[in-house]
Amino acid sequence: MSEEYIVDVDNLTIRFNMASEKVDNLKEYVIKLIKHELMFQEFLALKDVNLKVKRGEAWGLIGTNGSGKSTLLKACCGILKPYKGSVTTKGTIAPLIELGAGFDMNMTARENVFLNGTVLGHSRKFMEEHFDEIIEFAELQDFLDVPIKNFSSGMQARLGFAIATMVRPDILVVDEILSVGDYQFQQKCYERMGQMLSGGTTLLYVSHDINSVRQLCDHAIWIDKGNVRMSGLVEEVTTEYMHMNQ
Amino acid sequence: MSVTRDRINTFFRYKDLLRELVVRDVKLKYRRSFLGYVWSILNPLLIMLVMTLVFSQMFQRGIENFPVYLLTGQALFDFMNNATHMSMYSVLDNGALIKKIYVPKYIFTLSKVTSSLIDLIFSMGALILVMLITRAPFSPYILLFPLVVIPLYIFVCGLGFFLSAANVFFRDIQYIYNAITVAWMYVTPMFYPIELLPDWLRKLVEYCNPMFYYIQFFRDLVLYRHFTTPRIFIGCWVMAFIMLSIGLGVFKKTQDNFILYI
């Protein structure tokens, strides 16, 4: 049965060791080891979370700060390994988590396109083929050989978004990134995401902006302190969520 | 089998990233310096000049061509030193990225070792220059230097993997390792002949100091113009693979926890 799910999160539990004091050096570690003070406090960031996503669906992840939304996304991307349960994904994943994470501030826009593209796992040849397309979408034709550190945050976001959405990934993971960039570019991004969705891409979308969740997604999951409070159609879940927070 | 095949596929998928990272390191290093690549040659030359002035009188008897003797040892040791110190920070420095996108983490360590290797190859220019000036005879054996550099590269990768993983969990490894490399430099016959060491120490260095194997092999090819002894030749590879399996083992075992500590 699980064949039809493109993202299958099954009873996922993620555990962090929350040391009461962070021990990050050998000296303290040895001292604490000798004094038997090495204690770890267990913290479950996610508890028995289930999420089944079919191809082409768009899921919004909502919840208050620190509820575990981003942790769930990281688990889906394979950055965090499950403590219990499993995460199975099929196809390519393009993460849009904080745009431009792979940029080197000292390099020019041109060099960063290749650097960031290869960070996402594309080949250099592939990037060369799509270079013009990226620059055109990001509207940075005049700034190709300027170091990124001289760019505004909006310009960096534009470049990051253009690189990440250039391919049509099977799964697009977006973690509130569209707050930067001007209104016009935000609309352009929503448009592109809409295009990708109608082209069969699956979307996992984290945002505090309920309106954009309603606009983009057809399903939603509400996470509260690591537990799933509710999941289902976007209208029902967001209405309930808004209701609770008033 | 399929796990191994997956790993190899992943590596090939990210080989262009490795290339981009190495190119970035090399470019940024030379981008804003007036003399550019010349520094790679000038820097070892200047150090060699000072060291030659100081030490050549002290160890006059044991060494036939002191500048070349010094430079062969110094080039390899500096490569090891730079590469391991840089790869120690490779995972931490890319923490922001590792937290957000899935990337094979060893790529960052590998890129640092590889860009140091390129520096080493640049600095060979200094060696050739000094050999010309001191009228040292050239022999075809010098062309065999990849036989030294390849196992040394593997050895340094292993050490780099170990250090980059250890540094994520224990930040004071940096200071400990600094002290270790200074001590290591003094027990490596870079600027003195090994005959000067007391017998027990000499045995220890000849058998247990990995850098001794590589430097000895390199000097045999460049300075003494013959192939090395079987013991040194095999030792180079044994040291390389011991270090690589330790480094990879530690790295692989701990890498899933990196994200909790960076």
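Everything quoted here is computed from the prediction, not taken from an experiment.

Points about the packing of helix α4 (residues 66–88) of chain B against helix α9 (residues 173–186) of chain B
Residue and element names in this part refer to chain B. One way to put it is that α4 packs onto α9 with a least axis distance of 11 Å and a crossing angle of 175°. As the angle between them shows, α4 and α9 are arranged roughly antiparallel. Together, F77, M80, N81, T84, H85 and M88 of α4 and I173, Q174, Y177, N178, T181, W184 and M185 of α9 make up the contact between the two elements.

Things to note about the environment of T228 of chain B
Residue and element names in this part refer to chain B. In this structure, T228 sits in the loop between α11 (210–222) and α12 (230–254). In this structure the C-alpha to C-alpha distance between T228 and Q216, which are 12 residues apart in sequence, comes to 7.9 Å. Among residues more than four places away in sequence, those in contact with T228 are F217, D220 and F233. A distance of 2.7 Å separates polar atoms of two side chains, one belonging to T228 and the other to D220.

Focus on the environment of H219 of chain A
Residue and element names in this part refer to chain A. When you line up the elements, H219 lands in strand β8 (residues 219–224). Judged by its relative accessible area of 18%, H219 is buried. The spacing of H219 and M193 is 26 residues in sequence and 16 Å in space, taken between C-alpha atoms. With sequence-adjacent residues up to four places away left out, H219 is seen in contact with E57, A58, W59, G60, G232, L233 and V234.

Observations regarding the interface of chain A and chain B
Tallying the contact residues gives 33 residues for chain A and 29 residues for chain B. Of the roughly 2900 Å² buried at the junction of chain A and chain B (both faces included), carbon and sulfur atoms supply 60%. For R24 of chain B, the salt bridge identified is with D104 of chain A, shortest N-O distance 2.9 Å. Inspection of the chain A/chain B interface yields 7 residue pairs in polar contact (both at pLDDT 80 or more). For the side of chain A that touches chain B, the element with the highest residue contribution is helix α3 (residues 109–119) of chain A, accounting for 5 residues. The residue inventory of the side of chain A that touches chain B, partitioned by class, reads 15 nonpolar, 8 polar and 10 charged.

Describing the packing of aromatic side chains
Counted according to the given criterion, the structure contains 20 aromatic pairs over all chains. Ring centres of F114 of chain A and F131 of chain A lie 5.7 Å apart, and the angle between their planes is 5°; this geometry places the pair in the stacked category. One end of the pair, F114 of chain A, is in helix α3; the other, F131 of chain A, is in helix α4 (residues 124–138), with 17 residues separating them in the sequence. Of the two residues examined, F114 of chain A and F131 of chain A, each falls in the buried class. Plain terms: the ring middles of F155 of chain B and W184 of chain B are 6.5 Å apart, the flat faces sit at 75° to each other, and that makes the pair edge-to-face. Pair noted here: F155 of chain B is in helix α8 (residues 146–169) and W184 of chain B is in helix α9, with a separation of 29 residues, a long-range link. For F155 of chain B, a relative accessible area of 3% corresponds to the buried category. Judged by its relative accessible area of 14%, W184 of chain B is buried. Taken together through their ring pairs, the aromatic side chains of F55, Y186, F191 and Y192 of chain B make up a single cluster. One residue, R124 of chain A, lies across the ring of F114 of chain A, its end atom 4.5 Å from the ring centre.

Concerning the pattern of salt bridges
All told, the structure shown has 17 salt bridges over all chains when counted by the stated rule. The residue R202 of chain B makes a salt bridge to E206 of chain B at a minimum N-O spacing of 3.4 Å. Of this pair, R202 of chain B and E206 of chain B both sit in helix α10 (residues 199–208), 4 residues apart, roughly one helical turn. Given the relative accessible area of 25%, R202 of chain B is considered partly exposed. Relative accessible area serves as the criterion here: at 14%, E206 of chain B is assigned to the buried category. One salt-bridge network, in which partners are shared between bridges, spans D104 of chain A together with R24, D25 and K112 of chain B.

Some points on the UniProt feature "transmembrane region" (unreviewed entry) in chain B
Residue and element names in this part refer to chain B. The sites that carry the UniProt feature "transmembrane region" (unreviewed entry) are, in the present numbering, residues 34–56, 68–92, 113–134, 140–163, 175–194 and 232–251. Taken as a whole, residues 140–163 contains 75% helix and 0% strand, while its terminal C-alpha atoms sit 37 Å from one another. Its end C-alpha atoms 28 Å apart, residues 232–251 is made of 100% helix and 0% strand.

Section: the environment of L140 of chain A
Within the element layout of this structure, L140 of chain A appears in the loop between α4 and α5 (153–164). C-alpha separation for the pair L140 of chain A and R158 of chain A, spaced 18 residues apart in sequence, amounts to 8.7 Å.

Remarks on the pairing of strand β7 (residues 202–206) of chain A
Along a regular strand, successive side chains alternate from one face of the sheet to the other. All names here are of chain A. For β7, the buried fraction is high: 5 of the 5 residues fall into the buried class. Of the two faces of β7, the one lined by T202, L204 and V206 and the one lined by L203 and Y205 are each fully buried. Looking at chain direction, strand β3 (residues 58–62) and β7 are connected through 4 bridges and run parallel. Considered in β7, the bridge of G60 is made with Y205. Of the pairings in the sheet, the one linking strand β6 (residues 171–175) to β7 comprises 5 bridges and is parallel in character. For V174, the partnering residue across the bridge sits in β7 and is Y205.

A few points about unusual backbone geometry
Residue and element names in this part refer to chain A. Even without a glycine there, the phi angle at N11 is positive, about 45°. By the secondary structure assignment, N11 is in strand β1 (residues 5–19). The residue D48 is not glycine, and still its phi comes out positive at about 45°. As for its placement among the helices and strands, D48 is situated in strand β2 (residues 40–54).

Thoughts on α8 of chain B
With 24 residues, α8 of chain B extends 35 Å between its outermost C-alpha atoms, agreeing within 8% with the 34 Å of an ideal straight helix rising 1.5 Å per residue. Most of α8 of chain B is tucked away, with 19 of its 24 residues classed as buried.

What counts and what doesn't
Residues numbered from 1 in each chain as written. Chains lettered and ligands numbered in written order. Predicted model: local features only at pLDDT ≥ 70, side-chain atom pairs only at ≥ 80, totals over all residues. Heavy atoms only, no water. Axes fitted to C-alpha atoms, helices over the stretch in contact; angles between N-to-C directions. Helix = DSSP H or I, 4+ residues; strand = E, 2+ residues; numbered from the N terminus. Parallel < 35°, antiparallel > 145°, perpendicular 65-115°, else oblique. Contact = heavy atoms within 4.5 Å. Polar contact = N/O pair within 3.5 Å; in protein donor to acceptor, adjacent residues only side chain to side chain. Buried < 20%, exposed > 50% of the residue type's maximum accessible area, 1.4 Å probe, protein only. Buried area = accessible area lost by both parts, 1.4 Å probe. Salt bridge = Lys/Arg side-chain N within 4 Å of Asp/Glu carboxyl O. Nonpolar A, V, L, I, M, F, W, Y, C, P; charged D, E, K, R; others polar. Phe/Tyr/Trp six-rings, centres within 6.5 Å; stacked < 30°, edge-to-face > 60°. Lys NZ or Arg CZ within 6 Å of the ring centre and 35° of its normal. UniProt positions renumbered as here; feature names shortened; annotations may be inferred. Pairing = 2+ DSSP bridges. Expected span 1.5 Å × (residues − 1).

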